[in-house]
Amino acid sequence: MVDCPGPDGATVPRLRTSDFYRTCQLPKRFDYPSWFYGYGVDRKPPEHPFYRTTSSDYGRYPPTIHTVPTSFFPNTQDFTKALAKAGMYRNYSLNTGLESNEK
(Lines give C-alpha, C1' and ligand atoms only; values in the text may rest on other atoms or scores of the structure.)
Protein backbone atom coordinates (compact mmCIF):
# COMPACT_ATOMS: atom_id res chain seq x y z
CA MET A 1 0.00 0.00 0.00
CA VAL A 2 1.15 3.50 -0.78
CA ASP A 3 0.01 6.29 1.51
CA CYS A 4 -1.04 9.33 -0.50
CA PRO A 5 -2.36 12.66 0.77
CA GLY A 6 -6.12 12.95 0.46
CA PRO A 7 -8.17 16.09 -0.25
CA ASP A 8 -8.03 17.16 3.39
CA GLY A 9 -4.25 16.62 3.62
CA ALA A 10 -4.38 13.43 5.70
CA THR A 11 -2.68 10.35 4.31
CA VAL A 12 -5.02 7.84 2.70
CA PRO A 13 -3.87 4.26 2.06
CA ARG A 14 -4.15 3.39 -1.63
CA LEU A 15 -4.78 -0.25 -2.43
CA ARG A 16 -2.95 -1.87 -5.32
CA THR A 17 -4.13 -4.78 -7.41
CA SER A 18 -0.80 -6.53 -6.87
CA ASP A 19 -1.44 -6.47 -3.10
CA PHE A 20 -4.35 -8.90 -3.60
CA TYR A 21 -3.62 -10.77 -6.86
CA ARG A 22 -0.59 -12.10 -8.67
CA THR A 23 -0.07 -9.77 -11.62
CA CYS A 24 1.91 -10.06 -14.84
CA GLN A 25 3.25 -7.04 -16.75
CA LEU A 26 0.52 -4.83 -15.36
CA PRO A 27 0.63 -1.10 -16.22
CA LYS A 28 0.41 1.31 -13.31
CA ARG A 29 -3.09 2.46 -14.29
CA PHE A 30 -4.35 -1.10 -13.65
CA ASP A 31 -2.27 -1.54 -10.52
CA TYR A 32 -3.81 1.63 -9.04
CA PRO A 33 -7.47 1.59 -10.17
CA SER A 34 -8.21 4.55 -7.90
CA TRP A 35 -6.53 6.71 -10.57
CA PHE A 36 -9.49 6.19 -12.94
CA TYR A 37 -11.96 9.06 -12.97
CA GLY A 38 -14.92 10.30 -14.98
CA TYR A 39 -17.55 7.73 -14.06
CA GLY A 40 -21.26 8.36 -13.36
CA VAL A 41 -20.89 8.10 -9.59
CA ASP A 42 -18.72 11.24 -9.62
CA ARG A 43 -21.14 13.28 -11.77
CA LYS A 44 -22.32 16.55 -10.26
CA PRO A 45 -25.26 17.17 -10.52
CA PRO A 46 -26.41 13.56 -10.88
CA GLU A 47 -28.16 12.68 -14.11
CA HIS A 48 -31.94 12.63 -14.25
CA PRO A 49 -33.36 9.09 -13.79
CA PHE A 50 -35.55 9.52 -16.88
CA TYR A 51 -32.46 9.56 -19.13
CA ARG A 52 -30.73 6.58 -17.50
CA THR A 53 -30.04 3.53 -19.66
CA THR A 54 -28.69 0.06 -18.99
CA SER A 55 -25.42 1.09 -20.64
CA SER A 56 -25.06 3.98 -18.23
CA ASP A 57 -25.73 1.56 -15.35
CA TYR A 58 -22.88 -0.64 -16.57
CA GLY A 59 -20.42 2.25 -16.83
CA ARG A 60 -21.59 4.05 -13.71
CA TYR A 61 -19.03 2.59 -11.29
CA PRO A 62 -15.26 2.91 -11.66
CA PRO A 63 -13.09 -0.22 -11.72
CA THR A 64 -11.88 -1.70 -8.44
CA ILE A 65 -8.90 -3.88 -7.59
CA HIS A 66 -11.18 -6.90 -8.09
CA THR A 67 -12.46 -5.91 -11.56
CA VAL A 68 -9.30 -4.76 -13.37
CA PRO A 69 -7.32 -7.33 -15.37
CA THR A 70 -4.41 -9.03 -13.61
CA SER A 71 -2.31 -9.54 -16.75
CA PHE A 72 -1.53 -7.31 -19.71
CA PHE A 73 -0.02 -8.47 -23.00
CA PRO A 74 -0.12 -5.63 -25.54
CA ASN A 75 -0.02 -6.34 -29.27
CA THR A 76 3.11 -5.50 -31.18
CA GLN A 77 2.96 -3.23 -34.21
CA ASP A 78 5.20 -5.45 -36.39
CA PHE A 79 2.55 -6.11 -39.06
CA THR A 80 1.59 -2.45 -39.33
CA LYS A 81 5.22 -1.35 -39.57
CA ALA A 82 5.95 -3.91 -42.33
CA LEU A 83 2.82 -2.88 -44.23
CA ALA A 84 3.76 0.80 -43.99
CA LYS A 85 7.19 0.05 -45.52
CA ALA A 86 5.97 -2.21 -48.34
CA GLY A 87 2.59 -0.66 -49.11
CA MET A 88 -0.77 -2.29 -49.67
CA TYR A 89 -1.12 -5.36 -51.87
CA ARG A 90 -2.26 -4.60 -55.41
CA ASN A 91 -3.90 -7.15 -57.66
CA TYR A 92 -2.51 -7.02 -61.22
CA SER A 93 -4.41 -10.06 -62.52
CA LEU A 94 -6.65 -10.05 -65.57
CA ASN A 95 -10.28 -9.16 -64.94
CA THR A 96 -12.41 -11.81 -66.67
CA GLY A 97 -15.80 -11.03 -65.14
CA LEU A 98 -18.80 -10.21 -67.33
CA GLU A 99 -20.25 -6.75 -67.14
CA SER A 100 -23.99 -6.52 -66.87
CA ASN A 101 -25.84 -3.94 -68.98
CA GLU A 102 -28.96 -3.96 -66.83
CA LYS A 103 -30.38 -0.60 -65.91
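Quantities reported herein were computed from a predicted structural model and do not represent experimental measurements.

### A short note on the overall build of the protein
Right, so step 1: When you go through the protein residue by residue, the secondary structure sums to three helices and two strands.
Right, so step 2: For the protein, the N- to C-terminal ordering of α and β elements is β-β-α-α-α.
Right, so step 3: Here the protein, with 103 residues, has 11% of them falling under the buried criterion.
Right, so step 4: Pairs at least 24 apart in sequence give 41% of the contacts found in the protein among residues at least 6 apart.
Right, so step 5: Per element, the accessible surface of the protein, about 9600 Å² overall, is 56% carbon and sulfur.

### Remarks on the packing of aromatic side chains
Right, so step 1: Per the stated rule, a full pass over the model turns up four aromatic pairs.
Right, so step 2: Ring centres of Tyr32 and Trp35 lie 4.8 Å apart, and the angle between their planes is 15 degrees; on these two criteria the pair is classed as stacked.
Right, so step 3: Classification of Tyr32 as buried rests on a relative accessible area of 11%.
Right, so step 4: Owing to a relative accessible area of 46%, Trp35 belongs among the partly exposed residues under this scheme.
Right, so step 5: Taken together, a centroid distance of 5.2 Å and an interplanar angle of 85 degrees make the contact between Phe50 and Tyr51 edge-to-face.
Right, so step 6: Put simply, the rings of Phe30, Phe36 and Phe72 pair up and form one aromatic cluster.

### Quick notes on the pattern of salt bridges
Pairing of side chains with opposite charge becomes possible as their charged atoms draw close.
Right, so step 1: Tallied over the entire structure, the rule returns two salt bridges.
Right, so step 2: The salt bridge partner of Asp19 is Arg16, with a shortest N-O separation of 3.8 Å.
Right, so step 3: A salt bridge links Asp31 to Arg16; the nearest nitrogen and oxygen atoms lie 3.7 Å apart. Here Asp31 is found in helix α1 (residues 28-31), whereas its partner Arg16 is found in the loop between β2 (11-14) and α1, with 15 residues between them in sequence.
Right, so step 4: Assessed through its relative accessible area of 25%, Arg16 is described here as partly exposed.

### Section: the side chain of Thr17
Right, so step 1: Mapped onto the elements of the fold, Thr17 is located in the loop between β2 and α1.
Right, so step 2: Judged by its relative accessible area of 0%, Thr17 is buried.
Right, so step 3: Not counting residues within four places of it along the chain, the set of residues in contact with Thr17 comprises Thr23, Leu26, Phe30, Asp31, Pro33, Ile65 and Val68.

### Quick look at unusual backbone geometry
Right, so step 1: Backbone geometry places Gln25, a non-glycine residue, at a positive phi of 50 degrees.
Right, so step 2: Residue position: Gln25 is located in the loop between β2 and α1.
Right, so step 3: Overall, Gln25 belongs to the exposed group, its relative accessible area being 56%.

### Structural notes on helix α3 (residues 78-86)
Right, so step 1: The buried fraction of α3 is low, at zero of nine residues.
Right, so step 2: Immediately beyond the C-terminal end of α3, within one or two residues, lies Gly87, with a positive phi of roughly 95 degrees.

Rules behind the numbers
Residues numbered from 1 in each chain as written. Predicted model: local features only at pLDDT ≥ 70, side-chain atom pairs only at ≥ 80, totals over all residues. Heavy atoms only, no water. Helix = DSSP H or I, 4+ residues; strand = E, 2+ residues; numbered from the N terminus. Buried < 20%, exposed > 50% of the residue type's maximum accessible area, 1.4 Å probe, protein only. Contact = heavy atoms within 4.5 Å. Areas by Shrake-Rupley, 256 points an atom, 1.4 Å probe, with all protein chains shown as cover. Phe/Tyr/Trp six-rings, centres within 6.5 Å; stacked < 30°, edge-to-face > 60°. Salt bridge = Lys/Arg side-chain N within 4 Å of Asp/Glu carboxyl O.

Remember, this is a structural readout, not a statement about activity or role.
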